[in-house]
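An overview of the molecular structure
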Amino acid sequence: MKILPTKDAVKKFLLSLPNSQTTVGLVPTMGALHEGHLDLVRKAKENSDIVIVSIFVNPTQFNNPDDFAKYPKTLDKDLDLLKNIGVDAVFVPDNQEVYPESPLIKIDFGDLERVLEGSFRPGHFNGVGIVVSKLLNIVKPHKAYFGQKDLQQVAVIKRLVKDLSFDVEIIVVPTVREASGLALSSRNLRLSPVQRENALVLYNSLSFAKTELLKGESWFTIKSEVENQFQQTPEVELEYFELVDSDKMTVLESLQEGISLSICTAAYVGDVRLIDNISVNH
Ligand code: AMP
């Protein structure tokens, strides 16, 4: 497995590939890898000849400096995991390599980012858009893999690719969960055992809301029951709990036929901010 710390090293690696038919899959990550990330890698290995994983904790997508400073870093373990699973190369740039200068451009995703993560984390999707554009330009993958766990990020990136004509196919991989239902997340490393238990309210309330919605209960009633469940869980503070069109990210107030629907939530558990979502259609 090649470790590529610079854009030049990536370029040389790409030039060394056997021929122009070789398909390259990119899995962008911020490290502190878990089974969710490894599932993206497995999917990439299944349908790309060469798999490159990037590990870069992107400062421009953090609206909260404390969250950035406390973001878990486990590089040696990450590299071991990637080597064992059979990744071809890992792009591990430092900040200077990615941001020789602070970008002047700003990306505004319009209505896609006026809700959910975009509204609670101002500037977040500008940072995501810029770093993903840079990674796509540096690695030039045929396919890039993203997790459904970050549903709004998927919508934003698909739109980025369309609006800027990036020649890449975006592949979305389902969320990997613990047996308890808790969605795997690098930030889970910051939870105490008790907080981990309390964090189950996210998945439990998503499952509850989905079942009730499909039974015909009104979204208004479901939402107030869920807000109660959150209020009764110690150390957990709900930010949002919304029913959305999974592609357009518009917030809805009732079940609608013929479109893909998801329920999305974000909450603080102590000072750790977690997000999760569930598809209503399947
Ligand atoms: P991150 O390192 O958190 O930026 O995540 C890198 C990629 O892994 C993103 O595309 C995430 O959506 C994806 N990812 C994170 N957690 C999970 C999970 N539990 N299941 C599947 N994919 C995930």
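These lines cover the structure that appears in this document, whether it is placed above or below. (Residues numbered from 1 in each chain as written. Predicted model: local features only at pLDDT ≥ 70, side-chain atom pairs only at ≥ 80, totals over all residues. Heavy atoms only, no water.)

**Some details on the overall build of the protein chain**
- The secondary structure content of the protein chain amounts to eleven helices and ten strands.
- Rg of the C-alpha trace for the protein chain: 19 Å, near the compact-globule value of 19 Å for 282 residues, within the 12% margin.
- With the C-alpha coordinates of the protein chain rotated into their principal frame, the extents come out at 60 × 40 × 40 Å.
- Relative to its full complement of 282 residues, the protein chain shows a buried share of 53%. (Helix = DSSP H or I, 4+ residues; strand = E, 2+ residues; numbered from the N terminus. Rg over C-alpha atoms; globule rule 2.2 N^0.38 Å. Buried < 20%, exposed > 50% of the residue type's maximum accessible area, 1.4 Å probe, protein only.)

**Points about the environment of Ser254**
- Examined against the element boundaries, Ser254 turns out to sit in the loop between strand 8 (251-252) and strand 9 (261-269).
- Residue Ser254 is classed as partly exposed on the basis of its relative accessible area of 36%.
- Residues Ser254 and Ser218, 36 residues apart in the sequence, show an inter-C-alpha distance of 6.9 Å.

**Focus on the pairing of strand 6 (residues 169-173)**
- Looking at chain direction, strand 5 (residues 143-147) and strand 6 are connected through five bridges and run parallel. Note on strand 6: the bridge partner recorded for Phe146 is Val172. (Pairing = 2+ DSSP bridges.)

**Section: the sheet that holds strand 8**
- Strand order in the open sheet formed by four strands is 8-7-9-10, and the pairing between neighbours is antiparallel. In this open sheet, the two edge strands, each paired with only one partner strand, are strand 8 and strand 10 (272-279).
- Pairing of strand 9 with strand 10, which is carried by eight bridges, proceeds in the antiparallel orientation. Along strand 10, the bridge assignment pairs Cys264 with Asn277.

**A word on empty space enclosed by the protein**
- Taken as a whole, this structure holds two cavities of 30 Å³ or more when the rule is applied.
- Of the voids in this model, the largest cavity is the one considered here, and its volume is about 870 Å³.
- Residue lining of the largest cavity: 49 residues in total, with Met30, His37, Lys149, Asp150 and Gln153 positioned closest to the centre.
- At the level of elements, strand 2 (24-29), helix 2 (35-47), helix 6 (116-120), helix 7 (124-139), strand 5, helix 8 (151-163), strand 9 and strand 10 are the ones that each hand at least two residues to the lining of the largest cavity.
- Considering each element in turn, the lining of the largest cavity owes the most residues, six residues, to helix 7.
- Looking at the lining of the largest cavity, its residues break down into 23 nonpolar, 17 polar and nine charged. (1 Å grid on protein atoms, 1.4 Å probe; cavity = no way out; pocket = protein on both sides within 12 Å on 5 of 7 lines; lining within 4 Å. Points joined across faces, edges and corners; volume = space filled by probe spheres on them. Nonpolar A, V, L, I, M, F, W, Y, C, P; charged D, E, K, R; others polar.)

**Here we look at the sheet that holds strand 2**
- The sheet built from six strands is open, its strands ordered 1-4-3-2-5-6 with parallel pairing. Each having just a single partner strand, strand 1 (2-4) and strand 6 make up the two edges of the open sheet. Between one strand and the next, the sheet's axes are offset by a mean angle of 25°, whatever the strand orientation.
- With six bridges joining them, strand 2 and strand 3 (residues 50-55) adopt parallel strand pairing. Opposite Val27, over in strand 3, you have Val53 as the bridge partner.
- In this fold helix 4 (residues 75-85) packs onto strand 1, strand 3 and strand 4 (89-91), with an angle of close to 170° to the strand it touches most, strand 3.
- Relative to strand 2, helix 7 is tilted by about 150°, and along the sheet it contacts strand 2, strand 3, strand 4 and strand 5. (Axes fitted to C-alpha atoms, helices over the stretch in contact; angles between N-to-C directions. Contact = heavy atoms within 4.5 Å.)

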